[in-house]
Amino acid sequence: MSESLTVESRKTQWEEKTLGELCDFVNGYAFKSKDFRDSGVPVIRISNIKNNRISKNKLVFVGNENLESLRAFTSSKGDILIAMSGATTGKIGINDLDECSLLNQRVGKFIPKVGLSKNYLYYFLNIFSSHFLNISEGSAQPNLSTK
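These figures come from a predicted structure and were not determined experimentally.

Visitor: Before we move on, can you summarise the pattern of salt bridges with the specific residues and values?
Guide: Across all of its chains, the model carries eight salt bridges by this definition. Its salt-bridge partner being Asp24, residue Lys113 comes within 3.8 Å of it at the nearest N-O pair. Taken together, the positions of Lys113 in the loop between strand E10 (107-112) and helix H3 (118-127) and Asp24 in strand E1 (residues 23-27) put the pair 89 residues apart, joining distant regions of the chain. On the basis of relative accessible area, Lys113 is assigned to the partly exposed category, the value being 34%. A relative accessible area of 39% places Asp24 in the partly exposed class. Ionic pairing is found between Lys109 and Asp79, a salt bridge with its closest N-O pair at 3.9 Å. Separated by 30 residues along the polypeptide, Lys109 in strand E10 and Asp79 in the loop between strand E6 (74-75) and strand E7 (80-83) bring together distant segments of the chain. The same class applies to Lys109 and to Asp79, which are both buried. Each of Asp79, Lys109 and Lys118 takes part in a single network of salt bridges with overlapping partners.

Quick look at the structure:
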């Protein structure tokens with residue numbers, strides 16, 4: 001016969017972890033605006049994170065000649081991104097671009113570790129997105145730390 005657990009007994013089985021224990025985090029690269037082009041490799045900026053997706057409106061590009069050295073800043077379809085500065089600090093978006101793209105500075109990417117559902121992480125982060133703005137620092141412009 002199986003016994004059902006009460007809410008209280010289930011609570012004692014929960015393991016508390018920090019976000020940093022469950023996923024890795026990557027900041028974007030500080031591209032120079034003079035390097036932006038009309039075509040090439042897309043660069044996702046904070047302004048492209050809209051309605052929990054990546055807007056192609058006002059998307060900028062860089063050449064692919066230095067792509068190998070920028071590999072750490074790449075983003076693929078399905079990645080969970082966050083705005084780390086400005087009035088929209090904490091907004092979350094899923095990269096739904098078909099092509100590989102690069103992250104501009106102050107756009108971060110969450111990389112779930114094995115065992116953490118990407119969908120669960122996305123919904124968890126969305127629930128707390130307004131909290132990210134509350135914990136951000138900066139007098140003139142809110143900023144999230146990678147910590």
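After that view of the structure, there is still more to cover.
Visitor: How would you sum up the pairing of strand E2 (residues 41-44)? Please name residues and give values.
Guide: Residue alternation in E2 divides its side chains into two sets, Val41 and Val43 and Pro42 and Ile44, and both sets are buried. Pairing geometry for E2 and strand E5 (residues 60-62), over three bridges, is antiparallel. In the sheet register, Val41 faces E5, and the bridge partner there is Val62.

Visitor: How would you summarise the sheet that holds strand E9 (residues 101-103) if you had to cite specific residues and measurements?
Guide: Strands sit in the order E5-E2-E9-E6 across an open sheet of four strands; the sheet is mixed. The open sheet has two edge strands, E5 and E6, and neither has a second partner.

Visitor: Talk me through H3; I want residue IDs and the actual numbers.
Guide: Three or more residues of H3 are buried, namely Leu121, Tyr122 and Leu125. Buried positions in H3, seen along its axis, are confined to an arc of 100° and lie on one side of it. Away from the buried face of H3 by more than 90 degrees, exposed residues Asn119, Tyr120, Tyr123 and Ile127 are located. Capping the start of H3, Ser117 holds a side-chain oxygen 3.3 Å from the backbone nitrogen of Asn119, two or three residues further along.

Criteria and thresholds
- Residues numbered from 1 in each chain as written.
- Predicted model: local features only at pLDDT ≥ 70, side-chain atom pairs only at ≥ 80, totals over all residues.
- Heavy atoms only, no water.
- Salt bridge = Lys/Arg side-chain N within 4 Å of Asp/Glu carboxyl O.
- Helix = DSSP H or I, 4+ residues; strand = E, 2+ residues; numbered from the N terminus.
- Buried < 20%, exposed > 50% of the residue type's maximum accessible area, 1.4 Å probe, protein only.
- Pairing = 2+ DSSP bridges.
- Arc of directions from axis to C-beta.
- Polar contact = N/O pair within 3.5 Å; in protein donor to acceptor, adjacent residues only side chain to side chain.

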